[in-house]
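Descriptive analysis of the structure
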Amino acid sequence: MKKALYLITILALLLPFTFTLSRRLVSAGELQIIAISPPPRSLAAATTAPISLTFNQPVNPATINSHTFWAFGKWSGTAAGSYNFTNGNQTVSLIPNRPFSAGEQVMVIVSHHVQAQDGSPMRQAGYSFQFWTAAAATDLQFEIIDTIEVRTLPNQSTRAYGGVATDFNGDGWLDLSIINEDSADVRVFLNKADGSGLFDPFLQPPTPVNWQASPNEPSDFNRDGHADIAIANISTNSITVLLGNGDGTFTSQEITVGTAPRGIAVLDVDGDGDIDIVNTNSGGSGNMSVLLNNGHGVFGPPTFFEGGANREWGLAAADMNEDGILDLVIGTYATPSYILIQTGNGDGTFTLSHTQSAGGPVWMLNASDVNGDGHEDVAVANSGSNTGSILLGNGDGTAAAPTSFPTDVYTIATDLGDIDGDGDLDWVTSSFSGDWQLFLNDGSGHFTLHHAFTSPENASCAILFDFDNDGDLDLALIDETADKVILVRNNNLPGPGEAIYMPYMRR
């Protein structure tokens, strides 16, 4: 964390567990956020914690609302709630009306439409950051509780190749939606909401998308409080935006982008308080697309820009230079392969700030703090080299050279979450022609293989989420050719004489 300006140091001492900000020079009179709780990039915030922003001067309460200061939990959805003003209206707190989900990543968005009491504006870029909620400690005893069949007919492939575990019907229990390449649809399994961790059969009819649909991210694009999904359709060069109706069904918009979109990220690129979409286009030499949201979940045509190398593929959003504007982390699927960091300018554009070796051809990547130093790091699935890589971020828009870990054959997915509940992020890789592997973090960003979960045929991805609402992270393991989802409950050690049946797991 950077040294705070002298004038805000005293305030920081009065606000324990609050992150103070001092990186950016401030225009005269500009409304600036000077302290945040929970801190950006923190790893174990309480699920019930309010989100508090302290400004350098009193804020105009009339400019604070659900469109100018809001938060979205990747699994729990939009954090609806009330606002509290303290400290002479310099501190504003969003108090969610229900807890976040355990072990999830939360994105906070502050619009440039927020104003000071005297009318002074926020910077045009607004402000955005992410943090993680705490997951309960476990003894890493796993239990297969169900295997979900994604197909309608046993011999009719859907090719389950992606999933989202967001609360789509707003009942406080996380639902499961599977994105399918061959059947070109999304199949939503609503949580039984009884603590069993089980799901109802998927809703009929499935929601259509387009061919070879796979990469996906949830958000609330039209700001109606219901979770939505953005999905890349690789074979039809398009992005489908599914707007949730609040019951597990959707209405859709499809936008043509570049050739073979592979990676997708959701973030406020222009500071206006709504969530936009950026995607990689892997075809040819590759490039990037930006889709701007009009505030109602309707997206205009893409603006294209170069990512910085050939065949841009994997993509994540993270504040790599810690200026309160989310940046893009791009991975390339080429020889040689790179991690590219494009820092956000806050006006819908990005600037290439750093190029680093990826450690192998990048299929997918995530960005979060894996070594607990407060900076965003990068976890990479390197498909062709059968490895995963960790690149430690420096907090200035750059990252160190990769440290590679051997994985199973043809690794195509990487997922982070605090599986053992010790306050750091663990790592699950998924390998086509192989299995799911769980690597435990020692807190410094060094990972050790702990378990391998055997796939029925070919592992495509893993979702780490609390499906039974008991406070720890469970796993949904998706096999893309068997079209099955294996539900793995994360349990404490069994009592004397008890046994756990794990047909798909090996040590």
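Now for a quick tour of the structure. Keep in mind that what you see is a predicted model, and the values were worked out from it rather than measured.

Attention now goes to the nonpolar core. Counting 46 residues, the largest nonpolar core has Phe221, Leu267, Ile277, Val278 and Leu328 as its most contacted members. Apart from residues lying up to four places away in sequence, Leu328 is in contact with Leu267, Val278, Met288, Phe305, Leu315, Ala316, Leu340, Ile341, Gln342 and Phe350. Listed in part, the 24 residues of the second largest apolar core include Ile51, Val59, Ala71 and Val108.

Turning our eyes to something else, we now look at the side chain of Glu376. Along the chain, the position of Glu376 falls in the loop between strand 27 (362-368) and strand 28 (377-382). For the buried Glu376, which has no salt bridge, the nearest side chain bearing the opposite charge is Arg41, at an N-O separation of 5.3 Å. A distance of 3.5 Å separates a polar atom in the side chain of Glu376 from the backbone nitrogen of Ser368. Among all residues touching Glu376, those that are not within four sequence positions of it are Arg41, Gln130, Ala318, Asp319, Met320, Ala367, Ser368, Asp369 and Gly393.

Here we take up the packing of aromatic side chains. With the rule as written, the count across this model stands at 20 aromatic pairs. An angle of 65° between the planes, with centres 5.2 Å apart, marks the rings of Trp427 and Phe447 as edge-to-face. Of the two residues, Trp427 sits in strand 32 (residues 426-431) while Phe447 sits in strand 34 (residues 447-453), which places them 20 residues apart along the sequence. The pair Trp427 / Phe447 is uniform in exposure class, with both members buried. Feature note: the residues Trp75, Phe199, Phe465 and Phe467 constitute an aromatic cluster, connected by ring pairs. In this arrangement the basic side chain of Arg223 is found over the ring face of Trp70, its NZ or CZ atom lying 3.7 Å from the centre.

So, about the pattern of salt bridges. What the rule picks out here adds up to 12 salt bridges. The partner of Lys74 in a salt bridge is Glu217, with the nearest N and O atoms 3.6 Å apart. Taken together, the positions of Lys74 in the loop between strand 4 (69-73) and strand 5 (77-78) and Glu217 in strand 15 (residues 213-219) put the pair 143 residues apart, joining distant regions of the chain. Among the residues examined, Lys74 registers a relative accessible area of 26% and is labelled partly exposed. For Arg187, the salt bridge goes to Asp185, with nearest N and O atoms at 3.0 Å. An identical accessibility class is assigned to Arg187 and Asp185; each is buried. Beyond isolated ion pairs, a larger network of salt bridges with shared partners links Glu143, Asp468 and Arg489.

How each quantity is defined
Residues numbered from 1 in each chain as written. Predicted model: local features only at pLDDT ≥ 70, side-chain atom pairs only at ≥ 80, totals over all residues. Heavy atoms only, no water. Core = buried A, V, L, I, M, F, W, Y, C linked by side-chain atoms within 4.5 Å. Buried < 20%, exposed > 50% of the residue type's maximum accessible area, 1.4 Å probe, protein only. Contact = heavy atoms within 4.5 Å. Helix = DSSP H or I, 4+ residues; strand = E, 2+ residues; numbered from the N terminus. Lys, Arg positive; Asp, Glu negative; His and termini not counted. Salt bridge = Lys/Arg side-chain N within 4 Å of Asp/Glu carboxyl O. Polar contact = N/O pair within 3.5 Å; in protein donor to acceptor, adjacent residues only side chain to side chain. Phe/Tyr/Trp six-rings, centres within 6.5 Å; stacked < 30°, edge-to-face > 60°. Lys NZ or Arg CZ within 6 Å of the ring centre and 35° of its normal.

Taken by themselves, the reported measurements are silent on function.
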